[in-house]
2 protein chains.
Amino acid sequence: MPTEPLDATFAALADPTRRAILARLAAGEATVTELAAPFRMSQPAISKHLKVLERAGLVSRGRDAQRRPCRLQARPLRDAVAWLADYRDYWAESYQRLDALLDDLQTGGGPDDADPGPSAGQDGATPRSPDGRPG
Amino acid sequence: MPTEPLDATFAALADPTRRAILARLAAGEATVTELAAPFRMSQPAISKHLKVLERAGLVSRGRDAQRRPCRLQARPLRDAVAWLADYRDYWAESYQRLDALLDDLQTGGGPDDADPGPSAGQDGATPRSPDGRPG
DNA sequence: GGGTTACATAACCTTCTGGTTATCAAACCA
DNA sequence: TGGTTTGATAACCAGAAGGTTATGTAACCC
């Protein structure tokens with residue numbers, strides 16, 4: 001059980017079943033059985049995956065009689081992107097496609113500033129010694 | 001050992017030591033001993049972490065006499081962001097800060113289109129059944 | 001050639017992961 | 001009241017992750 005938020009987020013995303021669950025939840029709330037349906041996997045297995053997602057803060061749950069509807073909670077995803085954003089200079093390799101991607105990401109905003117540079121914040125990581133952010 | 005690229009990428013990022021290593025490499029090439037120095041951890045442990053990063057395609061290695069300099073290879077990070085990008089609608093929670101983040105990400109481009117919608121591509125995941133992308 | 005530096009590999013251990021089946025609890029339905 | 005859904009939990013298991021120490025190997029330096 002990773003204690004740091006980023007650990008938990010990335011670990012949660014590292015499993016294809018969980019990514020698929022998130023994808024499903026992006027289409028709207030769903031119950032456990034609904035989520036479990038597409039998988040050749042037992043219901044308890046899905047419950048476990050949901051618990052991982054919940055502990056990572058990626059999923060929140062409501063109550064509707066016997067049902068426990070799951071809802072996507074994407075803030076940790078944003079934090080993950082924020083971490084990854086510090087590496088944007090190293091994506092330069094193919095800036096064409098990167099620009100396309102970022103245009104897509106931009107959802108229609110109109111920026112006019114130029115590269116303020118990394119925030120030099122804390123990773124929150126502290127593995128056994130250093131923090132971790134690019135310079 | 002996760003077989004799917006995204007699995008490997010996210011799994012690699014889930015460890016704080018490895019994130020710190022990537023952060024260090026963002027400052028430039030480094031040898032194994034240089035990378036190991038800041039950690040209270042044995043050299044073989046670092047070698048293992050490097051192997052994980054290498055298999056995830058996040059690090060490539062050269063040769064300089066006895067040394068095996070490591071170089072950051074950030075393309076998988078871009079792919080990870082591409083996956084996360086499909087969830088941008090769900091970051092809406094605090095669009096203020098999101099916009100700031102994306103402006104930062106944008107490194108200075110000037111888009112003028114509005115929300116083309118998810119690419120509906122393949123996750124490549126195929127856990128035990130469905131793929132995974134939001135709608 | 002012989003020692004040293006830089007790194008990889010092997011063998012081992014412990015803990016976490018991801019799955020299973022079996023069972024239990026709560027709220028519905030008749 | 002009793003049965004059915006919906007879901008969580010427990011107990012178990014195999015294999016992967018992350019660490020260790022010990023050892024091997026390649027290239028340098030004298």
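The present account deals with the structure reproduced in this document. What you see is a predicted model; the values in this text were computed from it and never measured.

What counts and what doesn't
Residues numbered from 1 in each chain as written. Chains lettered and ligands numbered in written order. Predicted model: local features only at pLDDT ≥ 70, side-chain atom pairs only at ≥ 80, totals over all residues. Heavy atoms only, no water. Near = heavy atom within 4 Å. Polar contact = N/O pair within 3.5 Å; in protein donor to acceptor, adjacent residues only side chain to side chain. Nonpolar A, V, L, I, M, F, W, Y, C, P; charged D, E, K, R; others polar. Phe/Tyr/Trp six-rings, centres within 6.5 Å; stacked < 30°, edge-to-face > 60°. Helix = DSSP H or I, 4+ residues; strand = E, 2+ residues; numbered from the N terminus. Buried < 20%, exposed > 50% of the residue type's maximum accessible area, 1.4 Å probe, protein only. Lys, Arg positive; Asp, Glu negative; His and termini not counted. Salt bridge = Lys/Arg side-chain N within 4 Å of Asp/Glu carboxyl O. Contact = heavy atoms within 4.5 Å. Axes fitted to C-alpha atoms, helices over the stretch in contact; angles between N-to-C directions. Parallel < 35°, antiparallel > 145°, perpendicular 65-115°, else oblique. Left-handed = near helix turned anticlockwise from the far one by under 90°.

What surrounds DNA strand C is a group of 24 residues, the closest being Ser42(A), Lys48(A), His49(A), Thr33(B) and Ser47(B). Take the atoms of DNA strand C that sit within 4 Å of the protein: sugar and phosphate atoms are 71% of them. Contact between DNA strand C and Val32(B): a phosphate oxygen at 3.3 Å from a main-chain N or O atom of the residue. Counted by class, the surface near DNA strand C contains eight nonpolar, eight polar and eight charged residues.

This paragraph deals with the packing of aromatic side chains. On inspection of all chains with the given rule, the structure shows five aromatic pairs over all chains. For the pair Phe10(B) and Trp83(B), a centre-to-centre distance of 6.0 Å together with 75° between the ring planes defines the contact as edge-to-face. In this pair, Phe10(B) sits in helix α1 (residues 5-13) while Trp83(B) sits in helix α5 (residues 75-85), placing the two residues 73 residues apart along the sequence. Take Phe10(B) and Trp83(B): they sit in the same class, and that class is buried. Among the aromatic residues, those joined into a ring-pair cluster are Phe10(A), Trp83(A), Tyr87(A), Phe10(B), Trp83(B) and Tyr87(B).

In the neighbourhood of DNA strand D, 24 residues make up the surrounding shell, with Thr33(A), Ser47(A), Ser42(B), Lys48(B) and His49(B) lying closest. Counting only the atoms of DNA strand D within 4 Å of the protein, the fraction contributed by sugar and phosphate is 72%. In the model, a phosphate oxygen of DNA strand D is placed 3.3 Å from a nitrogen or oxygen of the Lys51(A) side chain. Elements that contribute at least two residues to the surface near DNA strand D include exactly α3 (32-36) and α4 (43-55) of chain A together with α4 (43-55) of chain B. Classifying every residue of the surface near DNA strand D gives eight nonpolar, eight polar and eight charged.

Residue and element names in this part refer to chain B. As for its placement among the helices and strands, Arg18 is situated in helix α2 (residues 16-26). Here Arg18 sits buried without a salt bridge, and the closest side chain of opposite charge, Asp15, lies 4.5 Å off (N-O distance). In this structure the side chain of Arg18 is engaged in a polar contact, spanning 3.1 Å, whose partner is the side chain of His49. In contact with Arg18, other than residues within four places in its own chain, are Ala11, Ala12, His49, Val52 and Leu53.

Moving on, we come to α5(B). When you tally the buried positions in α5(B), you get eight out of eleven residues, the bulk of the element. Among the residues of α5(B), Pro76(B), Leu77(B), Arg78(B), Ala80(B), Val81(B), Trp83(B), Leu84(B) and Ala85(B) are the ones counted as buried.

Turning our attention to α1(B). Burial analysis of α1(B) places seven of its nine residues in the buried class, which makes it a mostly covered element. Looking at the buried residues of α1(B), the elements they touch are α1 (5-13), α2 (16-26) and α5 (75-85) of chain A together with α2, α4 and α5 of chain B.

Residue and element names in this part refer to chain B. The contact between α1 and α5 brings their axes to 10 Å, and the two run at 100°. The orientation of α1 relative to α5 falls into the category roughly perpendicular. Seen from α1, the contacting residues are Leu6, Thr9, Phe10 and Leu13; seen from α5, they are Pro76, Leu77, Asp79, Ala80, Trp83 and Leu84. Residue composition of the contact of α1 with α5, grouped by class: eight nonpolar, one polar and one charged.

The next point concerns the packing of α5(A) against α5(B). Look at α5(A) against α5(B): their axes get within 10 Å of each other, and the N-to-C directions meet at 150°. With respect to α5(B), the axis of α5(A) lies roughly antiparallel. As for the relative orientation of α5(A) and α5(B), their crossing is left-handed in sense. Along its contact with α5(A), which presents Leu77(A), Ala80(A), Val81(A) and Leu84(A), the element α5(B) presents Leu77(B), Ala80(B), Val81(B) and Leu84(B). Residue classes in the contact of α5(A) with α5(B) are distributed as eight nonpolar, no polar and no charged.

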